[in-house]
Amino acid sequence: MALTGIEIFKKLPKTNCKDCGFPTCLAFAMSLAAGKVELDRCPHVSETAKAELSASSVPPIRQFSIGTGETAVTVGGETVEFRHEKTFVNKPPIALLITTDMTDEEIRGRAAAVKEMVYDRAGATLKLDMIALKDTGNNSDAFRALVKKSRELCNLPMILMSGNMDSLRAGVAELQDEKPLLCSVTPDNAEEMIPLLKESGCPVVARADGYDALCSLVEKLTAAELKDIVLDSGSRKLKKTFEEQVQIRRAALRKAFRPFGYPTITFPCEMTDDPAMEILIAATLAAKYSGIVVISCAAGENVFPLLLSRMNIFTDPQRPMATDPGIYPIGEPDENSPVLITTNFSLTYFIVAGEIESARVPAWLLIMDCEGYSVLTAWSAGKFTPDLISDFVKRTGIESKVARKALTIPGYTAHISGELEDTLKGWEILVGPREASHIPAYLKNYGSS
Amino acid sequence: MSFEIDKLKYTGKIKEVGFGAKGDVIVGGEDSYPFYMFEGNEGAGVKIAMEVYDRVEDDWAPAAVAPFADVINDPVAWALSNVSKYGADMIALQLAGTDPNGANVGAEEAAALARKVADAVSVPVIVYGSGNVEKDADVLKKVAEACEGRNVLIGPVQEGDFRQIAASCIGYKQLVAATTPIDINLAKQLNILLENLGVSADRMVIDPTTGGLGYGLEYTYSIMERIRIAALVQMDDQLRRPIICDLGKEAWKCKEARGADPDVKFGDPARRGIMIEAVTAVLLLLAGADILVMRHPDSVALVRKYVDLMMN
Ligand code: SF4
């Protein structure tokens, strides 16, 4: 069974030499216990200790990166089945499919779409993470040309998909030291693939139909000392694929079943012809355990909701439902900009801040500590009262930032405006809209009020 | 090594609740996690309730208005077309116009409308108030009375108004949607309070409160997962209820769905809201939703096809 950090620490050299990249042996031991690193990062551990530790030091689902430099992605490393148990760690990279039978215009269009579809949201950046190149004609010259062109157009890590060994070799040669993800090694081509994998050091997708076949294939790869493996259990039917994703995650986490202790890959692009359905399938598999998701739809109206759903699922659930109180400048507000106040319920904050942003009117947003309650709840619980609001506004120091002291309060609390004018001396109280969606219109007319 | 499928042992089952005037449209009854058909039963399966509004605000996305252009000012006609044209499993009448901060439509008028809608359609009916507890206490009491004999689901029934509304629901034999703000303990507590008041366990559903996609949906997702885990493997009897997600209004409220954003990277504004609604529905289904309250016919059609792929 898994050892604790202290138990592991006892078996380490205790020299704190830092060669593992951690400041102390203890820090390394803690990380090891949490399944975040592997034992071979310490070059000094004794052979006996290694044998004792190896069972407990392997993370239940191997984590590794694909690609190089800034755009590299990290896959695997998950430790739970349900996000509330701890958190999901590595959001599955979403790869956009490009094939050798696409026209030059289509290929350029896709590369451009990948660049274009980058969305900033409340501190997070949503975007596609990989390119999947498919050799539809099993032609190594055409494939190499596609790899070359795609690399010129786009700097994301690549998945090379071909049933032809020469094509994969050509692709690897074209990308030199990049170590793209090769797709796939199968029970049929394993003998031929293994030397290429060993020589190139590339991570690989292991594909076999059904659990047992996949299990033997992975064992063959690990016997050849290959480690960076991504699992493809073969099904392209949603119901079956879903079952396989659940079973593989469970086997890795609950049974420590080593052959399935790797991230998976799924191909919504091969599961339907309808781009909208493809997105629903991708959202499902990104939420339920796929380590990498390959899609072929490049339309913003589809990709954007998919990226939102992945963001939601991979947000750390321990993040409180409250936002830090304080002054939030939105746009570049100055002394004449409007001042709005609301509570620190995260959803309230996101929605209000988003609406102010979309109004394109710079403003000061004051977020008041109301224990994470929404406006109506906070008001009825006595946490958003004229006294408390006045205290808070004074403490923020907003008074030194604005010339016109006018405070806009949420429309739902209109009835406290009179009392607030009495307690918040020197301020004019304005009543904003009840629904956040009306904020843009409100702000656009603000100057004339 | 060879592999054996790991089947979880469930110890609980979600209660079956009978909807519709005859109580013969069953919701719930599942005894495993959503779509885990390799180890359990899905029960009655997913029901999609299509929204009908008493009054439509003028800030609706054009894409959400378009399919209903000819019926949008006539809730009865709207309900009928949702059933005949789009095959709605249920109709969810949203009494948004009763909001005292909005049109402030009176309780009698709202109740009369609810009765008309319930009489017009053959499918089960859900009636939701504005969410304002004082007003809902009045409006939903009268709705319960007016709809006697129709066995409608009434909500949101919240901590602030459950005494008044639940008493009428018991008296006039309506179903109760117990609504709490994204919190498993509050959900459980309200279920207990309702049972103590006399609402039987097979006459209520849980409304966990739905966050929008990109706007807190993750909280709803995890609370629903926790509710299902408690109900199915942790012997928590009070949480063995079907779950309803009132998602149409959340999905269409966000600025991305309203569609004004001119930036090309957001794609076709007419399709974007539909996809936001459909993706929201998918996550809620994965977390355990039994009833989805939805708006756009294209999102509904898509989600139906999706459920079919998940099940067959
Ligand atoms: S490399 Fe090994 S010995 Fe050195 S600090 Fe890390 S754990 Fe300790």
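Residues numbered from 1 in each chain as written. Chains lettered and ligands numbered in written order. Predicted model: local features only at pLDDT ≥ 70, side-chain atom pairs only at ≥ 80, totals over all residues. Heavy atoms only, no water.

### Quick notes on the overall build of chain B
Looking only at helices and strands, one finds 11 helices and 10 strands in chain B. Residues counted as buried form 61% of the 312 residues belonging to chain B. Here the analysis covers contacts within chain B between residues at least 6 apart in sequence; of these, 70% occur between residues at least 24 apart. Computed over 32 positive and 45 negative side-chain charges, the separation of the two mean positions in chain B equals 3 Å. (Helix = DSSP H or I, 4+ residues; strand = E, 2+ residues; numbered from the N terminus. Buried < 20%, exposed > 50% of the residue type's maximum accessible area, 1.4 Å probe, protein only. Contact = heavy atoms within 4.5 Å. Lys, Arg positive; Asp, Glu negative; His and termini not counted. Charge placed at Lys NZ, Arg CZ, Asp CG, Glu CD.)

### As for the interface of chain A and chain B
Between chain A and chain B, the residue contacts involve 62 residues of the former and 60 residues of the latter. Carbon and sulfur atoms supply 64% of the area that chain A and chain B bury against each other, a total of about 5,500 Å² over both sides. Seen at the junction of chain A and chain B, the total is four salt bridges. Applying the counting criterion to the chain A and chain B interface returns 19 residue pairs in polar contact (both at pLDDT 80 or more). Among the elements of the structure, β4 (118-121), α8 (211-223), α9 (238-254), α10 (275-287), α11 (300-314) and α12 (346-359) of chain A are those that each provide at least two residues to the side of chain A that touches chain B. With 10 residues, α11 of chain A is the single largest residue contributor to the side of chain A that touches chain B. Taken together, the residues that form the side of chain A that touches chain B break down as 32 nonpolar, 13 polar and 17 charged. (Buried area = accessible area lost by both parts, 1.4 Å probe. Salt bridge = Lys/Arg side-chain N within 4 Å of Asp/Glu carboxyl O. Polar contact = N/O pair within 3.5 Å; in protein donor to acceptor, adjacent residues only side chain to side chain. Nonpolar A, V, L, I, M, F, W, Y, C, P; charged D, E, K, R; others polar.)

### Some points on α11 of chain A
Taking 1.5 Å as the rise per residue, α11 of chain A with 15 residues should run 21 Å; its terminal C-alpha atoms sit 21 Å apart, in good agreement. Where burial is concerned, most of α11 of chain A is hidden: 15 out of the 15 residues are buried. (Expected span 1.5 Å × (residues − 1).)

### Overview of the site of the ligand
Taken together, P13, T15, N16, C17, K18, D19, C20, C25, F28, C42, P43 and H44 of chain A make up the full set of residues adjacent to the ligand. Split by residue class, the shell around the ligand holds seven nonpolar, three polar and two charged. (Near = heavy atom within 4 Å.)

### Some remarks on the sheet that holds strand β8 (residues 204-207) of chain B
All names here are of chain B. Read from one edge of the open sheet, eight strands run β8-β7-β6-β5-β4-β3-β10-β9, paired in parallel fashion. This sheet does not close on itself; its edge strands, each paired only once, are β8 and β9 (244-246). Adjacent strand axes in the sheet meet at a mean angle of 25°, parallel and antiparallel pairs treated alike. Pairing of strand β3 (residues 47-53) with strand β10 (residues 291-294), which is carried by four bridges, proceeds in the parallel orientation. (Pairing = 2+ DSSP bridges. Axes fitted to C-alpha atoms, helices over the stretch in contact; angles between N-to-C directions.)

### A few points about the confidence of the model for chain B
Residue-level pLDDT values for chain B average 95, and 99% of them are 70 or greater. Reported for the predicted complex are a pTM of 0.87 and an ipTM of 0.97. (pLDDT = per-residue confidence, 0-100.)

### Details of the sheet that holds strand β12 (residues 292-295) of chain A
All names here are of chain A. Taken in spatial order, the eight strands make up an open sheet running β10-β9-β8-β7-β6-β3-β12-β11, and their pairing is parallel. Both outer strands of the open sheet, β10 (229-232) and β11 (265-266), are each paired with one neighbouring strand and no more. Of the pairings in the sheet, the one linking strand β6 (residues 130-134) to strand β7 (residues 158-161) comprises four bridges and is parallel in character. Note on β7: the bridge partner recorded for K134 is M161. Contacting β8 (181-185) and β9 (204-207), helix α7 (residues 190-200) crosses the sheet at an angle of about 160° to β8.

### Here's the deal with the packing of α11 of chain A against helix α10 (residues 269-287) of chain B
Helix-helix packing is described using two parameters, namely the angle between the two axes and the distance between the axes. With their axes 9 Å apart at the nearest point, α11 of chain A and α10 of chain B run at an angle of 30° to one another. By the angle between their directions, the pair α11 of chain A and α10 of chain B is classed as roughly parallel. Taken as a pair, α11 of chain A and α10 of chain B cross one another with a handedness that is right-handed. Note on element contacts: α10 of chain B touches α11 of chain A through R271, R272, M275, I276, V279 and L283 of chain B, opposite E301, N302, F304, P305, S309 and I313 of chain A. Looking at the contact of α11 of chain A with α10 of chain B, its residues break down into seven nonpolar, two polar and three charged. (Parallel < 35°, antiparallel > 145°, perpendicular 65-115°, else oblique. Left-handed = near helix turned anticlockwise from the far one by under 90°.)

### Thoughts on α8 of chain A
All names here are of chain A. With 13 residues, α8 extends 18 Å between its outermost C-alpha atoms, agreeing within 8% with the 18 Å of an ideal straight helix rising 1.5 Å per residue. Among the residues of α8, Y211, L214, C215, L217, V218 and L221 are the ones counted as buried. Angular distribution of buried residues about the axis of α8 spans 165°; they occupy a single face of the element. Of the surrounding secondary structure, the elements contacted by the buried residues of α8 are β8, α7, β9, β10 and α9. (Arc of directions from axis to C-beta.)

### Concerning the pairing of strand β15 (residues 363-368) of chain A
Residues and elements named next belong to chain A. Where burial is concerned, most of β15 is hidden: six out of the six residues are buried. Residues A363, L365 and I367 point to one face of β15 and W364, L366 and M368 to the other, with burial holding for every one of them. With five bridges joining them, strand β13 (residues 326-330) and β15 adopt antiparallel strand pairing. Within β15, the position partnered with P329 by the bridge is W364. One ladder, built from five bridges, connects strand β14 (residues 339-343) with β15; its direction is parallel. Residue pairing in the sheet places V339 in a bridge with W364 of β15. Taken together, β14, α12 and β15 form a β-α-β motif whose crossover is right-handed. (Right-handed = clockwise from strand over helix to strand, strands pointing away.)

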